[in-house]
Amino acid sequence: MKEGLSQMPGPIGIFDSGYGGLTILKEIKKILPEYNYIYLGDNARAPYGTRSFEVVYEFTREAVNKLFEMGCHLVILACNTASAKALRTIQINDLPQIDSERRVLGVIRPTVECIGKITESRHVGVLGTTGTIKSQSYPLEINKLFPDITVSGEACPMWVPLVEYNEANSIGADYFIEKHLDNLRYKDHLIDTIILGCTHYPLLLPKINRYLPDGVKVISQGEYVAESLKNYLLRHPEMDAKCTKEGKQLFYTTEAEEKFSESASLFLNQPISVQRISLE
């Protein structure tokens, strides 16, 4: 066990490289409002999508350690890039050394588990950051559970900046959204289900739906991750007992508080108070 880690019950940690994980937190709070949460955004070093596996792992490990030090026994990597590039290494290599009773979960597996019941054509598309698409995490996980499903991916490097710079509703956003949807459908015209493999992308849903033909279903991760967490806590009462339940939430960022508060309000539709911390 890492020296200095408290064994007292604590909040559930939610980590993301930026703001996108707030869409996950929002959905989790809908079905688990009684729990305490700490949200940590590594905004100063975002985006993670174009960084190497080694760097994403290093940054994610630092964030997980920080959340553990803040009292979290359970941490959700509400970031597809971190889930794709760092989760498995942290689970296998780091947790046994830090504290074998603490847990780190990702967002890819819960999203994948629902796909088999949704797609009828058995052709699925994934939209994500360059890092997530290059990692092949979604095709690998989907084919483990559903080997009959064909998966095509499309990297959308401009979509996160569109959201973070509050350009999601701009005319310029239409060009990048239509372009990548056309690219994806060109790769496989039989796709009937598309996974939004980045937690920022739900804010682009109105425009995404505008450029998709009728009948194509779009999967936003929040509700599936939230339902998966609820089931996890039911199946693991020993972890549930380590999670405080006062309905409180705290927000931390590695960048300027004012900027985070302003952008976070777009995701949560409410004002928040945030503190700045360092992970290095």
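Residues numbered from 1 in each chain as written. Predicted model: local features only at pLDDT ≥ 70, side-chain atom pairs only at ≥ 80, totals over all residues. Heavy atoms only, no water.

J.: Whenever I open this one, the overall build of the chain confuses me. Can you help?
T.: Looking only at helices and strands, the chain has 14 helices and 10 strands in total. On C-alpha atoms alone, the chain measures out to a radius of gyration of 18 Å, which is about the 19 Å that the 2.2 N^0.38 rule sets for 280 residues. Across its three principal directions, the C-alpha atoms of the chain cover 55 × 40 × 35 Å. Residues classed as buried in the chain amount to 55% of the 280 residues present. For the chain, long-range pairs separated by at least 24 residues make up 79% of all intrachain contacts whose partners lie at least 6 apart in sequence. Accessible surface for the chain amounts to roughly 12,600 Å². Of this, 51% is attributable to carbon and sulfur atoms. Between the centroid of the 30 positive side chains of the chain and the centroid of its 35 negative side chains there is a distance of 2 Å. (Helix = DSSP H or I, 4+ residues; strand = E, 2+ residues; numbered from the N terminus. Rg over C-alpha atoms; globule rule 2.2 N^0.38 Å. Buried < 20%, exposed > 50% of the residue type's maximum accessible area, 1.4 Å probe, protein only. Contact = heavy atoms within 4.5 Å. Areas by Shrake-Rupley, 256 points an atom, 1.4 Å probe, with all protein chains shown as cover. Lys, Arg positive; Asp, Glu negative; His and termini not counted. Charge placed at Lys NZ, Arg CZ, Asp CG, Glu CD.)

J.: Could you clarify how one ought to interpret the sheet that holds strand β7 (residues 193-196) in this entry?
T.: Hydrogen bonds along the backbone pair up the strands of a sheet, which may run parallel or antiparallel. The strand order across the open sheet formed by four strands is β6-β5-β7-β8, and the pairing between neighbours is parallel. Either end of the sheet is taken by a strand with one partner, and the two such strands are β6 (150-155) and β8 (217-219). For this sheet, the mean inter-axis angle between neighbouring strands, taken without regard to orientation, is 25°. With three bridges connecting them, β7 and β8 associate as parallel partners. (Pairing = 2+ DSSP bridges. Axes fitted to C-alpha atoms, helices over the stretch in contact; angles between N-to-C directions.)

J.: Could you clarify how one ought to interpret the pairing of strand β2 (residues 37-41) in this entry?
T.: When a strand is regular, its side chains alternate between the sheet's two faces. Of all the five residues making up β2, five are buried; the element is thus mostly covered by neighbouring parts of the structure. Here β2 shows a buried face lined by Tyr 37, Tyr 39 and Gly 41 and a second buried face lined by Ile 38 and Leu 40. By the bridge criterion, five bridges tie strand β1 (residues 12-16) to β2 in an arrangement that is parallel. When the bridges of β2 are listed, Ile 12 appears paired with Tyr 37. For the crossover that starts at β1, traverses helix α1 (residues 21-31) and ends in the parallel β2, the hand is right-handed. Bridge analysis of β2 against strand β9 (residues 249-253) gives five bridges, and the strand direction is parallel. When the sheet's bridge partners are listed, Ile 38 is paired in β9 with Leu 250. (Right-handed = clockwise from strand over helix to strand, strands pointing away.)

J.: What is the right way to look at the nonpolar core in this model?
T.: Proteins that are soluble and globular tend to have nonpolar side chains buried together. Grouped together as the largest cluster of nonpolar side chains are 49 residues, with contacts concentrated most on Ile 12, Leu 22, Trp 159 and Leu 233. Setting aside residues no more than four positions away along its own chain, Trp 159 makes contact with Leu 127, Phe 176, Ile 177, His 180, Leu 181, Tyr 201, Leu 204 and Ile 208. Judged by nonpolar contacts, the second largest core, of 26 residues, contains Val 64, Ile 90, Ile 98 and Ile 277. (Core = buried A, V, L, I, M, F, W, Y, C linked by side-chain atoms within 4.5 Å.)

J.: Would you take a moment to explain the environment of Glu 58 for this structure?
T.: Inspection of the secondary structure puts Glu 58 in helix α2 (residues 53-69). Separated by 47 residues in the primary sequence, Glu 58 and Pro 11 have C-alpha atoms spaced 23 Å apart.

J.: Which parts of the structure should I look at to understand the pairing of β7?
T.: Burial along β7 is two-sided: the residues Thr 193 and Ile 195 and Ile 194 and Leu 196 are all buried. Sheet topology note: the strand β5 (residues 123-128)/β7 ladder contains four bridges and is parallel. Bridging across to β7, Gly 125 finds its partner in Ile 194. At this point the chain moves from β7, through helix α11 (residues 205-210), to the parallel β8, and the crossover so formed is right-handed.

J.: What is the right way to read the packing of α1 against helix α12 (residues 221-235) from this model?
T.: Axes are the key here: two packed helices are described by the angle between their axes and the distance separating the axes. The N-to-C vectors of α1 and α12 enclose an angle of 50°; their axes lie 8 Å apart at closest approach. Taken together, the axis directions place α1 and α12 in an arrangement best described as oblique. The handedness of the crossing between α1 and α12 comes out as right-handed. Contact with α1, carried on its side by Thr 23, Ile 24, Glu 27, Ile 28 and Ile 31, involves Gln 221, Gly 222, Glu 223, Val 225, Ala 226, Glu 227, Leu 229 and Lys 230 of α12 and no other residues of that element. Here the residues of the contact of α1 with α12 sort into six nonpolar, three polar and four charged. (Parallel < 35°, antiparallel > 145°, perpendicular 65-115°, else oblique. Left-handed = near helix turned anticlockwise from the far one by under 90°. Nonpolar A, V, L, I, M, F, W, Y, C, P; charged D, E, K, R; others polar.)

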